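Chains, contacts and geometry: an overview
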Amino acid sequence: MITAAGAAVTNALTAPSIAKESIKAYFVSPDSYQEAIGVCTQVDYDPDALRFEGERVPYDAATNTVYIPQSLKNDAWEGSLTAGHAGTDIYITCDKEQGTSMGQDTDPGKKKSIGNNRTFHIALVNGETYMESRLLFTGLPAVMISHDDGAITGKEIHSGKITVIDPDRREYIESACQFHVRGNTSVLFDKKSYRIALHDSVGSKNKVSFLGMRSDDDWILNSLSTDATLSREKVCYDLWKHLNTMEEQPVASASMEFAELFMDNTYQGVYGLMTPVDGKLMGLAQGDLLYKVKTWQEEMTALGKLTDYNGEREILNENGFAYAEIEYPGSLGGLYIWDPMEAYQEFVFETGDLSRMKERGVVLDKENFILHALFCEMTRAADNTWKNLFLVARRGQDGVYTLSETIWDLNYTFGDQFVWDPENGNTVFNKKSSNGYQIRYDRDYGSAVIEMVDPDYVSRKEEKWNAWREQGIGPDLLINMFEEERKRLAESGATLRNEERWPGSTDADFAKIDTWIGERFRFLDEMYNGAGGK
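Right, let's walk through the structure included here. Owing to the predicted nature of the structure, the values given are computational and were not obtained by experimental measurement.

Among all positions of helix α11 (residues 494–501), only Ala494, Thr495, Arg497 and Asn498 are buried. All buried residues of α11 fall inside an arc of 165 degrees around its axis, so they share one side. Buried-residue contacts for α11 involve β6 (65–69), β10 (129–138), β16 (256–263), β17 (267–274) and α10 (475–491).

Dropping the structure here:
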């Protein structure tokens, strides 16, 4: 709920103190349901007429459907339902054709109902009138965004309110916000991604933790619109975190959790709610820099050297698109210095001279560069070997910058690759890519050059791969990670709902990914003389 000052607070979803208020108490048989509405006159459904734990619930006007999130961690129905108007009685039943006849105290089964995407009907009867809607229980968190400042037509900024219901943590959180459509080619898709900035009633930043992730005022709703499994990016971020637990100096990445989005009472499907890569995530301090490369090397058509742009936050290529930008210090202000990235770019695409880069005050975090290179090879992160690269430049007391890399935008992984076809998500699955080893598609540009000039880097890379294999980094791990996400989406009912909302966009058969992963590890094991078999 929102406090008088407009700051978001957490409302813990507590078990109802009066048994009659529980969701289970309102289940009745179809016959009893019809008897309750009887000869009453039906009126239009009011989305604000029903409350879950005293708060408004997600609603899809197109299908007249109310959604109530439930935790899948237990079998009991959780939370209480109340009506927004005094003297209103609530009744819930399922369709007769679904084959369930329930007495007043019969539990239809929470997990089975959610996983089968079972449709219920809910009636709110008040005197001689009633309103009715469909009712679905979801096993995923719900995100609601509402605004009334005009239609969303492009990347313009809108003001509104965001609400996140987290059934696992029993939290209901609201905040005022500004938001806009984000992305480049993805803006062509009907299912949009959004950038969200939280603020309080006086416009100050409002840092909030959603779905167990770090507290922040800056959030992203990733539409996952190019990935038929909906799972590639989440698996990649979780894998990066797992690999970095083995490092003496781990490097952070974004976090992502699944949720279903409702935009102005319109169901939009499954999204990834996530934190961005920024100075806060990377733990940067004054003097440090965070660069984001936004396009490919062959599109680096800005005039002059990067250092010619010192003082400017963004560099545009000759077509007017951003080649690179400085994310930190970013809007916080400070010096926009391109020297460290210019030194690295010169090394990668011009000189191949590590000593020259060191003379310019720039060195590499070798272990991180090896990890990033192997990560890209393992997942075939075909859109992340220069474009979408986040380059961190930490300034030491001696003035020398140490560079490290982190990941972003990982939809083109595990066999999926880009093809210009907006009507089909700009994506094609290439099963033969499991045997690929090309610069750009499989190999990081920078790592490929380092391998040519630093023999120690090559041997260390082989050592790290074999160490990973011995520690269980292999096909079984990745296949199980995908299976966990598949089950999470399927058992929540969200896979079916996302496909109904965006026909042809979802593929619940992960077998081809499992095969691709096995073939990819076989290929890399042979190349690195790996342990194999895990």
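Attention shifts here to the packing of helix α5 (residues 339–351) against helix α8 (residues 445–453). It is at 9 Å that the axes of α5 and α8 come closest, and there the two elements cross at 65 degrees. In terms of axis orientation, α5 runs roughly perpendicular to α8. Here the hand of the crossing between α5 and α8 comes out left-handed. From α5, Tyr344, Phe347, Val348 and Phe349 reach across to α8, where they touch Tyr445, Gly446, Val449, Ile450 and Val453. Its residues assigned to classes, the contact of α5 with α8 comprises eight nonpolar, one polar and no charged.

It is worth spelling out the sheet that holds strand β7 (residues 81–83) at this point. What the three strands build is an open sheet, ordered β4-β3-β7; its pairing is antiparallel. Looking at strand neighbours, the two that pair on one side only are β4 (55–56) and β7, the edges of this open sheet. Of the strand pairs in this sheet, strand β3 (residues 50–52) and β4 are connected by two bridges, and their pairing is antiparallel. Its bridge partner lying in β4, Arg51 is registered against Arg56.

Attention now moves to the packing of helix α7 (residues 366–379) against helix α12 (residues 511–528). At a closest axis distance of 9 Å, the pairing of α7 and α12 adopts a crossing angle of 135 degrees. Here α7 is positioned oblique relative to α12, judged by the angle of their axes. On α12, the residues that touch Leu374, Glu377, Met378 and Thr379 of α7 are Trp516, Arg520, Phe521, Leu524, Met527 and Tyr528. Each residue belonging to the contact of α7 with α12 can be placed in one class, and the counts come to seven nonpolar, one polar and two charged.

A word on the packing of aromatic side chains. By the definition in use, this model includes 27 aromatic pairs. Here the aromatic residues Trp296, Tyr344, Phe347, Phe349, Phe369, Trp386 and Tyr445 are joined through ring pairs into a cluster of three or more. A cation over a ring is seen here: Lys191 above Tyr271, with NZ or CZ 5.1 Å from the ring centre. Between Arg440 and the ring centre of Trp296, over which it is positioned, the NZ or CZ distance is 4.0 Å.

Let us look at the pattern of salt bridges. Overall, the coordinates contain 41 salt bridges when judged by the stated rule. As a salt-bridge pair, Arg214 and Asp216 come within 2.7 Å of each other at their nearest N and O atoms. Judged by its relative accessible area of 0%, Asp216 falls in the buried class. One network of salt bridges, in which partners are shared, links Arg214, Asp216, Asp217, Asp278 and Lys280.

We now examine the sheet that holds strand β21 (residues 362–364). The six strands are arranged β19-β20-β18-β22-β23-β21 in an open sheet whose pairing can be described as mixed. Since the sheet does not close on itself, it has two edges, and those belong to β19 (314–316) and β21, each with one partner. Sheet twist, expressed as the mean angle between neighbouring strand axes with direction ignored, is 25 degrees.

Rules used in this analysis
Residues numbered from 1 in each chain as written. Predicted model: local features only at pLDDT ≥ 70, side-chain atom pairs only at ≥ 80, totals over all residues. Heavy atoms only, no water. Buried < 20%, exposed > 50% of the residue type's maximum accessible area, 1.4 Å probe, protein only. Helix = DSSP H or I, 4+ residues; strand = E, 2+ residues; numbered from the N terminus. Arc of directions from axis to C-beta. Contact = heavy atoms within 4.5 Å. Axes fitted to C-alpha atoms, helices over the stretch in contact; angles between N-to-C directions. Parallel < 35°, antiparallel > 145°, perpendicular 65-115°, else oblique. Left-handed = near helix turned anticlockwise from the far one by under 90°. Nonpolar A, V, L, I, M, F, W, Y, C, P; charged D, E, K, R; others polar. Pairing = 2+ DSSP bridges. Phe/Tyr/Trp six-rings, centres within 6.5 Å; stacked < 30°, edge-to-face > 60°. Lys NZ or Arg CZ within 6 Å of the ring centre and 35° of its normal. Salt bridge = Lys/Arg side-chain N within 4 Å of Asp/Glu carboxyl O.

Just distances and angles here, no functional claims.
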